[in-house]
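Descriptive structure summary
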Amino acid sequence: MEPATTPPTLLDLSTYLLATIGRTARGRLNDRLAARGFRLWHMAILAALADFGPHAQRDLARRLSIDPSDITKLVDELVASGCAERTRDPADRRRVAVTLTEEGRKALTDLNVEAAAVQDEVLAPLSAPEREQLAGLLGRVLAGLGEG
């Protein structure tokens, strides 16, 4: 972002700065994930499965705010890559759970390395304490929005 081309009025808006930084960070992360054959939604699904365990597809879609028609394709792609599998719930054979595989855990570890590298690039102007403070503040904003 060049200060000479961005109107100062916009630079005074935290929401503008957040949107611009977010767009840049997301683009960089998307590029890194794509180089490994993944998209951000794939990473989100793998993270949810790692953090919260197996999910029914509809519950996964709800948890991540992904359209149910999109979650099917994303899970299909993860299953095809060996990162996830669909299994029948022994208690309810009608219910199919999406489960993280060992390959999925390895992929998530690699994707987290990529995400950390992008985070380091984007936050390079900040010291470690400033990064910690920023993370805390952003977490509070997110909680205030009823997200996360």
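Residues numbered from 1 in each chain as written. Predicted model: local features only at pLDDT ≥ 70, side-chain atom pairs only at ≥ 80, totals over all residues. Heavy atoms only, no water.

**Examining helix α7 (residues 128-144)**
One turn of the α-helix equals 3.6 residues, which is why residues spaced by three or four share an orientation. Helix length check: α7, at 17 residues, gives a terminal C-alpha distance of 24 Å against a target of 24 Å (1.5 Å per residue), a fit within 8%. Positive phi shows up at Gly146, right after α7, with a value of about 80 degrees. (Helix = DSSP H or I, 4+ residues; strand = E, 2+ residues; numbered from the N terminus. Expected span 1.5 Å × (residues − 1).)

**Re helix α3 (residues 40-52)**
Its 13 residues place the ends of α3 18 Å apart at the C-alpha level, agreeing with the 18 Å of an ideal helix rising 1.5 Å per residue. Looking only at α3, the buried set comprises His42, Met43, Ile45, Leu46, Ala48 and Leu49. At the exit of α3 stands Gly53, carrying a positive phi of roughly 85 degrees. (Buried < 20%, exposed > 50% of the residue type's maximum accessible area, 1.4 Å probe, protein only.)

**Remarks on the sheet that holds strand β2 (residues 84-89)**
If you trace the 3 strands from one edge of the open sheet to the other, you get β1-β3-β2, paired in antiparallel fashion. Both outer strands of the open sheet, β1 (55-56) and β2, are each paired with one neighbouring strand and no more. One ladder, built from 2 bridges, connects β1 with strand β3 (residues 92-100); its direction is antiparallel. Bridging from a neighbouring strand, His55 pairs with Val98 of β3. The sheet strands contacting α3 are β1, β2 and β3, and the helix crosses β3 at an angle near 105 degrees. (Pairing = 2+ DSSP bridges. Contact = heavy atoms within 4.5 Å. Axes fitted to C-alpha atoms, helices over the stretch in contact; angles between N-to-C directions.)

**Section: the UniProt feature "domain: HTH marR-type" (unreviewed entry) in the protein**
Look at the UniProt record and you will see "domain: HTH marR-type" (unreviewed entry) annotated at residues 14-143. For residues 14-143, the end-to-end C-alpha separation is 17 Å, with 72% helix and 13% strand making up the annotated structure. (UniProt positions renumbered as here; feature names shortened; annotations may be inferred.)

**Some details on the environment of Arg28**
Tracing the sequence through the fold places Arg28 in helix α2 (residues 14-35). Sequence-wise, Arg28 and Thr99 are 71 residues apart; in three dimensions their C-alpha atoms are separated by 28 Å. Not counting residues within four places of it along the chain, the set of residues in contact with Arg28 comprises Val118, Glu121 and Val122.

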